[in-house]
Amino acid sequence: MNILKFIESFTDDNLMNSTGSRRDSFSHFGNIGKNLAMASIPFGLSALANKAFAKDITATPATPIGALQFALTLEYLENEFYSMALDSGVIPALENGGRDLKVFQQIADHESDHVKFLIAGLGGTASPNFVPKPTFDFTVGGTFDPFHDYPTFLTLAQAFEDTGVRAYKGQAANLITTPDLLTAALQIHSVEARHASEVRRLRGLKGWISNADRGAGMPSATQAVYDGEGVTMQAGFNTAAAFGAAAGSEAYDEPLTTQQVVDIANIFIV
Amino acid sequence: MKNEVKIHEVDPSLNSRRSFLKLSGLTLVTTGLVLAGCSDNDNDNNMEDTSLPGVRNGVFDLGSGDFGVLTYAYALEQLEADFYTKVVNSSNFNAVFNDTERQVLTDLYHHEVVHRDFFKAALTGALPDPSSQLLPTLAFNYGSLNFNSRSEVLATAKALEDTGVAAYNGAGRLIKTADYLLLAGKIVSVEARHASAIRSLINPNSKDFAGDDIVNMSTGLDDAKDPSKILPIAANFITTKFTAKYLP
């Protein structure tokens, strides 16, 4: 799926819900556009109005557009974080056959792609659905030093990737009426999970989350990323029965609500 | 290795999803009329319900809709669970793999068995008549695959995990119930974590964990495939015949 097809999917999704022909359905597009624009107001316009003063983001509406706007904000965060890290030189270039640098260059490429993809999907920067990039402070007022201290960078990378996986999962239901958008979101979601797995291994952890453990070396401030991950009942089935709670919880990743993710992201938004 | 799973061939003349759905609907109605006219039925509904898995024309068909997708996932999880069960029980498991590899493969064995048993329990609870509608335990044949070969086992694991990710990513849109979609979402990210781990074992100091061969280089999107693309891959190992005539 390319970006053009993705953009077109907005139209197609609405066509899918229409009994008319493709041509007939295009005539309804004006109304659909208006509805989408209205859906974006709680997030989009308030963000624009306050841009100069820089402030926390708020939860997006539980709509397909809201889900994409929310995803874009998270991708902005990841994209800027890795871009700044690569510029800073904090990532070692030579250890482990250059593994760390190769890994984060690849992750940075993907996050940059995701930002472009989602902006295009929202109709471009001139669209009323577009949301601008917030102002990030990855030091959280000087608490962290991720661009001079590599272990700190790694802990934040793990927290962002594991959050990303849980955040996209929490948005799936908001996209269930728009199959093409849902598919695209799932395709980003699994890439975030590949990233999370690799970053965890760079830190000497398993690629999966055992119980609700944040993992050795993770600051307690990141526990919000892992709360609720220790679930071992799935639709009435006890996943701990066969091999214990750690294995049962590892076999399933849990979602985060929009508000839970907003609260995590706002730590890094000024 | 023979492809013994019968796969429904989508007629290439059906060039859009909508016309395919429309034709399926027509077929459904016609079948329903025939059934209503010529047979007793033990169902309140006169139409044959193709959403339900079960034996049709002598072969188990996965069905469609949510039950079809969940049964499809159950088939794939049976395959993954069976594969890793054989891997960890192979006679030279301790000699062939180092500590890290054994840990990863053992974890994957645990996770996939849990996934398989979860789907069995969930479908047994949800299907109206699980005795006839639950996909049977499938049989597998790995052909010439050498379970004592590190490279062959890891290459097969990589293929299975990447296929699993693409399968769930492609099937998400077929799910109509938000709770089922969330359950699939909880599993697919773990499959992606697996794929990343196996790829790193094969080629550690590289970007292969999310390599350019699997993640689109211009969009950053992972693979997504329809069941009709996935099942022929799975069929390399599954010897129990079944069909998926009502899945895309």
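Because the structure is predicted, anything quoted here is derived from the model rather than measured.

(A) Layout of the overall build of chain A. Helix and strand counts for chain A stand at nine helices and two strands. Classification of the 270 residues of chain A by burial places 55% in the buried group. Across chain A, contacts joining residues at least 24 apart in sequence account for 73% of those joining residues at least 6 apart. Here chain A displays about 10500 Å² of accessible surface, and carbon together with sulfur accounts for 58% of that area.

(B) How the structure looks around the sheet that holds strand β1 (residues 54-56) of chain B. Across the sheet, which stays open at both edges, the three strands sit in the order β1-β2-β3 (chain B) with mixed pairing between neighbours. In the strand order of this sheet, the two ends are held by β1 and β3 (242-243) of chain B, each with one partner.

(C) Up close: the packing of helix α4 (residues 64-88) of chain A against helix α9 (residues 258-266) of chain A. Residue and element names in this part refer to chain A. Where α4 meets α9, the axes come as close as 12 Å, and the angle between the chain directions of the two elements is 25°. Looking at the two axes, α4 sits roughly parallel to α9. Crossing of α4 against α9: the hand is left-handed. Contact with α4, carried on its side by Phe-70, Leu-74 and Leu-77, involves Thr-258, Val-261, Val-262 and Ala-265 of α9 and no other residues of that element. Along the lines of polarity and charge, the residues of the contact of α4 with α9 split into six nonpolar, one polar and no charged.

(D) Local environment of the packing of helix α4 (residues 99-126) of chain B against helix α7 (residues 178-202) of chain B. All names here are of chain B. Contact pair α4 / α7: the axes reach a minimum separation of 11 Å and the direction vectors enclose 160°. Classified by the angle between their axes, α4 and α7 sit roughly antiparallel to one another. For α4 against α7, the interelement crossing comes out left-handed. Mapping the contact onto sequence places Thr-100, Glu-101, Val-104, Leu-105, Leu-108, His-111, Glu-112, His-115, Phe-118, Phe-119 and Ala-126 in α4 and Tyr-180, Leu-183, Ile-187, Val-190, Glu-191, His-194, Ala-197, Ile-198 and Leu-201 in α7. Partitioned by chemical class, the residues of the contact of α4 with α7 number 13 nonpolar, four polar and three charged.

(E) Quick look at the confidence of the model for chain B. Residues and elements named next belong to chain B. Summary statistics for chain B give a mean pLDDT of 86 and a share of 81% for residues scoring 70 or more. Confidence drops under pLDDT 50 across residues 6-46; counting only partners more than four residues distant or on other chains, this segment forms 34 contacts. If you check the scores for this complex, the pTM reads 0.83 and the ipTM reads 0.83.

(F) Spatial organisation of the pattern of salt bridges. On inspection of all chains with the given rule, the structure shows 22 salt bridges over all chains. Where Asp-162 of chain A meets Arg-200 of chain A, a salt bridge forms, and the shortest distance between an N and an O atom there is 2.8 Å. You can see Asp-162 of chain A sitting in helix α6 (residues 150-171) and its partner Arg-200 of chain A sitting in helix α7 (residues 179-202), a full 38 residues away along the chain. No difference in accessibility class separates Asp-162 of chain A from Arg-200 of chain A, as the two residues are buried. Residues Asp-107 of chain B and Lys-206 of chain A are paired through a salt bridge, measuring 3.0 Å at the closest nitrogen-oxygen approach. One end of the pair, Asp-107 of chain B, is in helix α4; the other, Lys-206 of chain A, is in the loop between α7 and β1 (233-234), on a second chain. By sharing partners, the salt bridges in this structure join Arg-194 of chain A together with Asp-162, Arg-199, Asp-213 and Asp-222 of chain B into a single network.

(G) Structural view of the interface of chain B and chain A. On the chain A side, the residues contacting the 61 residues of chain B number 58 residues. Each partner contributes to the roughly 4800 Å² buried at the junction of chain B and chain A, and carbon and sulfur atoms together form 61% of this total. A per-residue breakdown of the area chain B buries against chain A is headed by Arg-173, Arg-193 and Phe-209 of chain B, which together make up 17% of the total. Across the contact surface, chain B and chain A share seven salt bridges. Asp-253 of chain A is paired through a salt bridge with Arg-193 of chain B; the nearest N and O atoms lie 2.9 Å apart. At the level of secondary structure, the elements contributing two or more residues to the side of chain B that touches chain A comprise α1 (17-38), α4, α6 (150-171) and α7 of chain B. When grouped by side-chain class, the residues that make up the side of chain B that touches chain A number 28 nonpolar, 19 polar and 14 charged.

(H) Representation of unusual backbone geometry. Residues and elements named next belong to chain A. A positive phi angle, close to 50°, is found at Val-140, a residue other than glycine. Along the chain, Val-140 falls in the loop between α5 (95-121) and α6. The residue Ala-235 is not glycine, and still its phi comes out positive at about 50°. By the secondary structure assignment, Ala-235 is in the loop between β1 and β2 (237-238). According to the relative accessible area criterion, Ala-235 is exposed, its value standing at 58%.

(I) Region of interest: the nonpolar core. Of all hydrophobic cores here, the largest spans 137 residues; its most connected members are Phe-81, Phe-104 and Phe-153 of chain A together with Leu-62, Tyr-72 and Phe-83 of chain B. Examining the composition of this core, we find that 14 residues originate from one element, helix α2 (residues 65-89) of chain B, more than from any other. Ignoring anything within four residues of it in the chain, the contact list for Phe-104 of chain A reads Tyr-82, Leu-86, Ile-91, Tyr-150, Phe-153, Leu-154, Ala-157, Val-199 and Leu-202 of chain A.

(J) Structural context of α5 of chain A. When the terminal C-alpha atoms of α5 of chain A are compared, their 38 Å separation across 27 residues agrees well with the 39 Å that a helix rising 1.5 Å per residue should span. Following α5 of chain A by one or two positions, Gly-123 of chain A has its phi on the positive side, about 100°.

(K) Examining the packing of aromatic side chains more closely. Residues and elements named next belong to chain A. For the structure shown, the criterion picks out 25 aromatic pairs over all chains. For the pair Phe-138 and Phe-160, a centre-to-centre distance of 6.0 Å together with 65° between the ring planes defines the contact as edge-to-face. Placement of the pair is Phe-138 in the loop between α5 and α6 and Phe-160 in helix α6, with a sequence separation of 22 residues.

Reading the values: the criteria
- Residues numbered from 1 in each chain as written.
- Chains lettered and ligands numbered in written order.
- Predicted model: local features only at pLDDT ≥ 70, side-chain atom pairs only at ≥ 80, totals over all residues.
- Heavy atoms only, no water.
- Helix = DSSP H or I, 4+ residues; strand = E, 2+ residues; numbered from the N terminus.
- Buried < 20%, exposed > 50% of the residue type's maximum accessible area, 1.4 Å probe, protein only.
- Contact = heavy atoms within 4.5 Å.
- Areas by Shrake-Rupley, 256 points an atom, 1.4 Å probe, with all protein chains shown as cover.
- Pairing = 2+ DSSP bridges.
- Axes fitted to C-alpha atoms, helices over the stretch in contact; angles between N-to-C directions.
- Parallel < 35°, antiparallel > 145°, perpendicular 65-115°, else oblique.
- Left-handed = near helix turned anticlockwise from the far one by under 90°.
- Nonpolar A, V, L, I, M, F, W, Y, C, P; charged D, E, K, R; others polar.
- pLDDT = per-residue confidence, 0-100.
- Salt bridge = Lys/Arg side-chain N within 4 Å of Asp/Glu carboxyl O.
- Buried area = accessible area lost by both parts, 1.4 Å probe.
- Core = buried A, V, L, I, M, F, W, Y, C linked by side-chain atoms within 4.5 Å.
- Expected span 1.5 Å × (residues − 1).
- Phe/Tyr/Trp six-rings, centres within 6.5 Å; stacked < 30°, edge-to-face > 60°.

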